[in-house]
Amino acid sequence: MGKIHLLLTKEEIDEEKIKEGNKIVVVLDVLLATTTITSALHNGATEVVPVMNSLEALEAAKAYEEGQYILSGESKAKPIEGFVYPSPSILREKVKGKALIVSTTNGTVAIRKASGAKRTYVSSLLNNPFVAEKVKEQGLEETILVICSGTSGKLSLEDFYGAGHFLSCLLEHDDGQLKLTDAAMAALLFYKGNAGDAFEIFRSSYVGKLFEKNQFIDELAFAAQQGTIPIVPILKGQKIVAEDSIKL
């Protein structure tokens, strides 16, 4: 019987423990990194390079020729000078055929901290059903670790909701192979109690209120869509690429 653990923030990640055994990790940063990464791959980005900060992004860019990459990033929700802001709508027309090098305060840091796992997937409401199906392919006897990136060490309502949606997808048609920790069960029950209210949940969250204040309400609506992009982003080395997806 496999066990599903849920971490509420990136600060809870133990990089050494993740390397132990054959853990499968799913990282969520619904507003906005993992939604942006999923969207970018769907819109033709060749790969996504998640980095810890802007200095690392500039270093990573040296591996590419001019015009072959896009630098994208934010720091504590503020744009980084010389970088494209990492939102799906801004990047949509820019990423085709290029590598996206992206730095965010929470999501890309969480992905990097989880890179020692046997497999590290990137997920969001947009692609949760497809990532869940891919995880099922790996065999449900392994430990599955769902990570909410959070917001600077605090729980993010949108990530908690997104984790619950992912777990709902994963447990569909489950025959008792999976055992959830209390934190994972709490996220699942929260999602089930609010399954049709993703946009309003996002809008009421701390980050969602910042988005609305800065007239990014369309980003909330985009991120609230469920199962619309059949992409399974997986970390291969230091790069995220689209693994073959399953059509549901």
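Heads up: the structure comes first, above all this text.
Keep in mind that this is a model prediction, so the values were computed, not measured.

Taken as a whole, this structure holds seven aromatic pairs when the rule is applied. Aromatic side chains Tyr161 and Tyr191 sit 5.2 Å apart centroid to centroid with 70 degrees between the ring planes, which places their arrangement in the edge-to-face category. Note that Tyr161 is positioned in helix 7 (residues 157–171) and Tyr191 in helix 8 (residues 182–193), a separation of 30 residues in sequence. A relative accessible area of 0% means that Tyr161 is categorised as buried. Their ring planes at 85 degrees and their centres at 5.9 Å tell us that Phe211 and Phe216 sit as a pair that is edge-to-face. Looking at Arg92, its charged tip hangs above the ring of Phe222, at a distance of 5.1 Å from the centre.

As for its placement among the helices and strands, Val27 is situated in strand 2 (residues 24–28). The residues contacting Val27, other than those within four sequence positions of it, are Thr34, Gly107, Ala110, Ile111, Ala114, Thr120, Tyr121, Val122, Ser123, Ile147 and Ser149.

With their axes 7 Å apart at the nearest point, helix 7 and helix 8 run at an angle of 90 degrees to one another. Of the possible angle classes, the one that applies to helix 7 and helix 8 is roughly perpendicular. Within the contact between the two elements, helix 7 uses Leu157, Phe160, Tyr161, Ala163, Gly164, His165, Leu167, Ser168 and Leu171 and helix 8 uses Ala183, Ala184, Ala186, Ala187, Leu188, Phe190 and Tyr191. Looking at side-chain class alone, the contact of helix 7 with helix 8 contains 13 nonpolar, three polar and no charged residues.

Another point: the side chain of Ser87. Its place among the elements puts Ser87 in the loop between strand 5 (78–79) and helix 4 (88–91). Since its relative accessible area comes to 0%, Ser87 is described here as buried. If sequence neighbours within four positions are ignored, Ser87 has contacts with Leu32, Thr36, Phe216 and Glu219.

We now examine the pattern of salt bridges. One pass over the structure, following the stated rule, counts nine salt bridges. Ionic pairing is found between Lys62 and Glu59, a salt bridge with its closest N-O pair at 3.1 Å. For Lys62, a relative accessible area of 65% translates into the label exposed. Judged by its relative accessible area of 48%, Glu59 is partly exposed. Glu133 is paired through a salt bridge with Lys136; the nearest N and O atoms lie 3.9 Å apart. With Glu133 and Lys136 both in helix 6 (residues 128–137) and three residues apart, the pair spans about one turn of that helix.

Turning our attention to the nonpolar core. If you look at the biggest cluster of nonpolar residues, it comprises 42 residues, and the most contacted ones within it are Ile4, Val135, Val146, Phe166, Leu170 and Phe202. Membership of the second largest hydrophobic core comes to 28 residues, among which are Leu7, Ile18, Ala45 and Ile231.

Below, the discussion takes up the environment of Met185. Inspection of the secondary structure puts Met185 in helix 8. Judged by its relative accessible area of 35%, Met185 falls in the partly exposed class.

Let us look at the packing of helix 6 against helix 7. Packed helix pairs are characterised by how far apart their axes lie and by the angle those axes make with each other. Orientation of helix 6 relative to helix 7, taken along the N-to-C sense of each, is 50 degrees, at an axis distance of 8 Å. Relative to helix 7, the element helix 6 is oriented oblique. In this structure, helix 6 crosses over helix 7, and the sense of that crossing is right-handed. Facing Asn128, Pro129, Val131, Ala132, Val135 and Lys136 of helix 6, the residues of helix 7 in contact are Gly162, His165, Phe166, Cys169 and Leu170. When its residues are assigned to classes, the contact of helix 6 with helix 7 shows seven nonpolar, three polar and one charged.

The terminal C-alpha atoms of helix 7, which comprises 15 residues, lie 21 Å apart, in line with the 21 Å expected from a rise of 1.5 Å per residue. Within helix 7, 13 of the 15 residues are buried, which leaves it mostly tucked inside the rest of the structure. Residue His173 follows helix 7 closely and has a positive phi angle near 65 degrees.

We note that Ala77 has phi near 75 degrees; this positive angle belongs to a residue other than glycine. With respect to the helices and strands, Ala77 occurs in the loop between strand 4 (69–75) and strand 5. Even without a glycine there, the phi angle at Gln215 is positive, about 60 degrees. Position of Gln215 relative to the elements: it lies in the loop between helix 10 (206–213) and helix 11 (217–223).

Calculation rules
- Residues numbered from 1 in each chain as written.
- Predicted model: local features only at pLDDT ≥ 70, side-chain atom pairs only at ≥ 80, totals over all residues.
- Heavy atoms only, no water.
- Phe/Tyr/Trp six-rings, centres within 6.5 Å; stacked < 30°, edge-to-face > 60°.
- Helix = DSSP H or I, 4+ residues; strand = E, 2+ residues; numbered from the N terminus.
- Buried < 20%, exposed > 50% of the residue type's maximum accessible area, 1.4 Å probe, protein only.
- Lys NZ or Arg CZ within 6 Å of the ring centre and 35° of its normal.
- Contact = heavy atoms within 4.5 Å.
- Axes fitted to C-alpha atoms, helices over the stretch in contact; angles between N-to-C directions.
- Parallel < 35°, antiparallel > 145°, perpendicular 65-115°, else oblique.
- Nonpolar A, V, L, I, M, F, W, Y, C, P; charged D, E, K, R; others polar.
- Salt bridge = Lys/Arg side-chain N within 4 Å of Asp/Glu carboxyl O.
- Core = buried A, V, L, I, M, F, W, Y, C linked by side-chain atoms within 4.5 Å.
- Left-handed = near helix turned anticlockwise from the far one by under 90°.
- Expected span 1.5 Å × (residues − 1).

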